[in-house]
Amino acid sequence: MKDERTEQDKANRVIVFDTTLRDGEQSPGASMNLAEKLEVAHALKDLGVDVIEAGFPIASPGDFEAVQEVARQVEGPIICGLARCNPKDIATAWDALKEAEHKRIHVFLATSAIHRKHKLRMAEGEIVRHAVEAIQKAKEYCDDVEFSPEDASRTELDFLAEVVERSIDAGATTINIPDTVGYALPDQYAEIIKHLKKTVRGIDNVVLSVHCHNDLGLAVGNSLAALAVGARQVECTINGIGERAGNCSLEEVVMALRTRGDSFSLSTGIQTERLYPTSRLVSNATGLIVQRNKAIVGQNAFSHEAGIHQHGMLMHQSTYEIMLPETVGFCSSQLVLGKHSGRHAFQARIAELGYHLDETQLKMVFDDFKVLADKKKEVYDADIEALITGHNQDAPALWTIASFHTSAGTGTLPTAAVCLKHLDGSEIQEAACGDGPIDALFKAIERSTGVSLLLQDYQVRSVTIGEDAQGEASVEADYAGKRLRGRAVSTDIVEASANAFLRIVNQVLLSARDQVTQAPSDRPEPVH
Ligand SMILES: [Zn+2]
């Protein structure tokens, strides 16, 4: 019974062949230096890939050195080097690989009519002879030899079967069936695998591998279709990087097998919790940014903004998530707060941030949040905290800014005009000049309110990232010997500065009012 199960497990184990350092690095703009390649190679080992295709040694001294260093340093996975079907390529690949604990030479030759005619100018017989000789040559160096009939998915089925059979006879231990130009459809690709398994002698003694490109967005779909009918190695890259539209993405194919174990009952050796960190590492090393809506590792992959989704998520995670973010190394689901977000999610986030607001405060902050969410694409935790703390420091604002205007520029006197609205509904307008637009604005507020402050400090900083980030202004000023502070946030830093200044003015007026609460009007005479 136990032997039977292990046999079954073995039969259902998919070999993950990562070619981020070879095919991945062929993405335009993705070249990595030696240190970056080594860092990625070590991360791939920690991730649990079975084979690391470290490069194409004959291609350049840099590639040779990278394969050699990976072979020397990274133990555990098989280290693989690519070679064309000629003795020089194969010998060079061996030279680079020979110090590896486990090594593989991967030889390839195109087989499709298009490549035979236009690129290789070779007849079918010649193709077979070249492939056989190259495999035999590679076997002279090491036992683990992989052969790829390039553009296999557009090769006539009978000829493909012949090449594969002869390659197995020549000693190849892995046969890879590349959809080199991303032309295949899942059913058709699965048919190729099924045909080879049915017709090729010795096919059960080798590992059948798939290598799919994403030109039609089908690389993962095609790979899964082939694995479902018996392929047992999948060639892929982190973040799906690679030639043109890229390769099959490792994180997607692995998580599809895991999440849909009910359909595939296939396993890999991948530590899925390391997927997101490895994705980040490769993105940083290559400089290729991962799109936000990329499956598994995109920033939005576990982010929910729509109110209905957020409500569902708060009720039960499985309402809108088919895998736990933690299983791929994300810290947790992100309920992105934005203009579509509902009160539930907002309240939950405030609690998560550790704030306790009563009904009135919650309503005020939620209203502000909605106003802000209309202005900003995304509202970050820091934005919400700024809204809450903004409210916390506020006693009822005697004066608020109804509108303001500043103008400045070289050769012109910076001026500002402001219209303030009082709690009692009345308005006052004033204008002033200053050293700059902010200074002019402060002066206009002082003129309107009759409160003169001694400015001690003025700072601005961005609260969050992005071009629509909120900016926070903080002002410190003295009045009657007391140091007072005001802070305000807005996507418009001039507006935030004016509000921060006005907060201090309001504090002055309120405390003056409290002192003379007997006095009917709370509009004190201008004092300096
Ligand atoms: Zn490729």
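Look above for the structure.
Values in this document were obtained by computation on a predicted structure and should not be read as measured data. (Residues numbered from 1 in each chain as written. Predicted model: local features only at pLDDT ≥ 70, side-chain atom pairs only at ≥ 80, totals over all residues. Heavy atoms only, no water.)

Novice: So what exactly am I meant to see when it comes to the overall build of the protein here?
Specialist: Each helix and strand counted, the protein has 18 helices and 16 strands in total. Projected onto the principal axes, the alpha-carbon positions of the protein cover approximately 105 × 55 × 40 Å. In the protein, buried positions account for 50% of the 528 residues. Sequence separation of 24 or more characterises 65% of the internal contacts of the protein that already satisfy a separation of 6 or more. Carbon together with sulfur atoms contributes 52% to the accessible area of the protein, which is approximately 24200 Å² in total. Counting 53 positive and 76 negative side-chain charges, the protein places the centres of these two groups 2 Å from one another. (Helix = DSSP H or I, 4+ residues; strand = E, 2+ residues; numbered from the N terminus. Buried < 20%, exposed > 50% of the residue type's maximum accessible area, 1.4 Å probe, protein only. Contact = heavy atoms within 4.5 Å. Areas by Shrake-Rupley, 256 points an atom, 1.4 Å probe, with all protein chains shown as cover. Lys, Arg positive; Asp, Glu negative; His and termini not counted. Charge placed at Lys NZ, Arg CZ, Asp CG, Glu CD.)

Novice: Is there a simple way to think about the pattern of salt bridges in this case?
Specialist: Where charged atoms from two side chains of opposite charge approach closely, those side chains can pair. Using the criterion set out here, one finds 32 salt bridges in the structure. Here Lys37 ties to Asp63 by a salt bridge, and the two come within 3.5 Å at their closest N and O atoms. A residue pair is termed long-range when its members are at least 10 positions apart, and Lys37 in helix α2 (residues 34-47) and Asp63 in helix α3 (residues 61-73) qualify at 26 residues. According to the relative accessible area criterion, Lys37 is buried, its value standing at 3%. Asp63 sits in the buried class, given a relative accessible area of 12%. Among the salt bridges present, the one from Lys294 reaches Glu251, with a minimum N-O distance of 2.9 Å. Residue Lys294 is found in the loop between α12 (275-286) and β9 (303-304), and its partner Glu251 is found in helix α10 (residues 250-259); the two are separated by 43 residues along the sequence. Each member of the pair, Lys294 together with Glu251, is buried. Salt bridges sharing partners connect three or more residues here, namely Glu476, Asp478, Arg483 and Arg485. (Salt bridge = Lys/Arg side-chain N within 4 Å of Asp/Glu carboxyl O.)

Novice: Is there a simple way to think about the pairing of strand β15 (residues 471-479) in this case?
Specialist: On a regular strand, one side chain projects to one face of the sheet and the next to the other, so that they alternate. Across the nine residues of β15, seven count as buried, placing the element largely inside the fold. Judged from the eight bridges that link them, strand β14 (residues 454-462) and β15 form a sheet pairing that is antiparallel. Of the residues in β15, the one forming a bridge with Asp457 is Glu476. With nine bridges connecting them, β15 and strand β16 (residues 482-490) associate as antiparallel partners. Bridging from a neighbouring strand, Val475 pairs with Gly486 of β16. (Pairing = 2+ DSSP bridges.)

Novice: Please explain the coordination of the zinc ion as it appears in this structure.
Specialist: Reference values for coordination geometry: four tetrahedral donors around a metal ideally subtend 109.5 degrees, six octahedral donors ideally subtend 90 or 180 degrees. Around the zinc ion, the protein contributes the donor atoms Asp23 (OD), His211 (NE2) and His213 (NE2), which lie 1.9 to 2.2 Å from the metal centre. The sequence pattern describing where the donors of the zinc ion fall on their chain is D-x187-H-x1-H. (Donors = N, O, S within 2.8 Å, 3.2 Å for Na, K, Ca; no water.)

Novice: What's the story with the sheet that holds strand β1 (residues 15-18) in this structure? I'm lost.
Specialist: Adjacent strands of a sheet pair through backbone hydrogen bonds, lying either parallel or antiparallel. Strand order in the closed barrel formed by eight strands is β1-β2-β3-β4-β5-β6-β7-β8, with parallel pairing between adjacent strands. Taking each pair of neighbouring strands and ignoring which way they run, the sheet shows an average axis angle of 25°. As paired strands, strand β3 (residues 78-84) and strand β4 (residues 103-110) are joined by six bridges and run parallel to one another. By the bridge assignment, Leu82 is partnered in β4 with His106. In the packing of α3 onto the sheet, contacts are made with β2 (51-55) and β3, and the angle to β2 comes to roughly 150°. Lying over the sheet, helix α8 (residues 186-199) contacts β6 (174-179) and β7 (207-212), oriented at roughly 160° with respect to β7. (Axes fitted to C-alpha atoms, helices over the stretch in contact; angles between N-to-C directions.)

Novice: Is there a simple way to think about the nonpolar core in this case?
Specialist: One recurring pattern in soluble globular proteins: nonpolar side chains tend to sit buried together. In terms of nonpolar packing, the biggest core is built from 93 residues, with Phe147, Ile177 and Leu250 touching the most fellow members. Split by domain, this core shows at least three residues from each of two domains, domain 1 (11-286) and domain 2 (298-332). When residues no more than four places from it in sequence are discounted, the contact partners of Leu250 are Val16, Asp18, Leu47, Val49, Cys236, Thr237, Ile238, Ile270 and Leu275. Counting residues in hydrophobic clusters, the runner-up holds 30 residues, among them Ile401, Ala440, Leu484 and Ala488. (Core = buried A, V, L, I, M, F, W, Y, C linked by side-chain atoms within 4.5 Å. Domains from an automatic or database assignment.)

Novice: What is the right way to read the sheet that holds strand β11 (residues 399-407) from this model?
Specialist: Ordered in space as β11-β12-β13, the three strands form an open sheet in which the pairing is antiparallel. One side of each edge strand has no neighbouring strand; the edge strands of this open sheet are β11 and β13 (427-433). With direction set aside, neighbouring strand axes in the sheet form an average angle of 15°. In this sheet, β13 lies alongside strand β12 (residues 415-422) in antiparallel orientation, the contact comprising seven bridges.

Novice: Can you help me understand the packing of aromatic side chains in this one?
Specialist: Any two aromatic rings considered together are summarised by their centre-to-centre distance and by the angle between their planes. A complete count under the given rule lists nine aromatic pairs for this structure. Ring centres of Phe346 and Phe366 lie 5.1 Å apart, and the angle between their planes is 45°; on these two criteria the pair is classed as tilted. One end of the pair, Phe346, is in helix α14 (residues 343-352); the other, Phe366, is in helix α15 (residues 359-375), with 20 residues separating them in the sequence. As far as the burial class goes, Phe346 and Phe366 line up, both buried. Linked through ring pairs, Tyr276, Phe302 and Phe330 together constitute an aromatic cluster. (Phe/Tyr/Trp six-rings, centres within 6.5 Å; stacked < 30°, edge-to-face > 60°.)

Novice: Mind showing me how you'd approach a nonpolar patch on the surface here?
Specialist: A grouping of Leu455, Tyr458, Val460 and Ile493 is seen on the molecular surface, where their side chains present a nonpolar patch of about 300 Å² in accessible area. The dominant element in the nonpolar patch, judged by the number of residues it contributes, is β14, at three residues. Relative to the elements of secondary structure, Leu455 occurs in strand β14. (Patch = residues over 30% accessible without salt bridge, like charges linked within 9 Å, V, L, I, M, F, W, Y side chains within 5 Å.)

Novice: Just checking my understanding: could you explain unusual backbone geometry for this structure?
Specialist: Keep in mind that most residues, glycine aside, have a negative phi and that most peptide bonds are trans. With a phi angle near 65°, Asn239 is a residue other than glycine that sits in the positive phi range. Structurally, the position occupied by Asn239 is in the loop between β8 (233-236) and α10. Positive phi outside glycine occurs at Arg244, with the angle close to 55°. Mapped onto the secondary structure, Arg244 falls in the loop between β8 and α10.

Novice: Sorry, what's going on with the environment of Glu156 here?
Specialist: Inspection of the secondary structure assignment puts Glu156 in the loop between β5 (145-150) and α7 (157-170). For Glu156, a relative accessible area of 33% translates into the label partly exposed. Between the alpha carbons of Glu156 and Glu472 there is a distance of 66 Å; along the sequence they are 316 residues apart. Apart from the residues within four sequence positions on either side, Glu156 is in contact with Thr111, Ala113, Arg116 and Glu124. At a separation of 2.8 Å, a polar atom in the side chain of Glu156 contacts the side chain of Arg116. (Polar contact = N/O pair within 3.5 Å; in protein donor to acceptor, adjacent residues only side chain to side chain.)

Nothing here speaks to function; it is geometry throughout.
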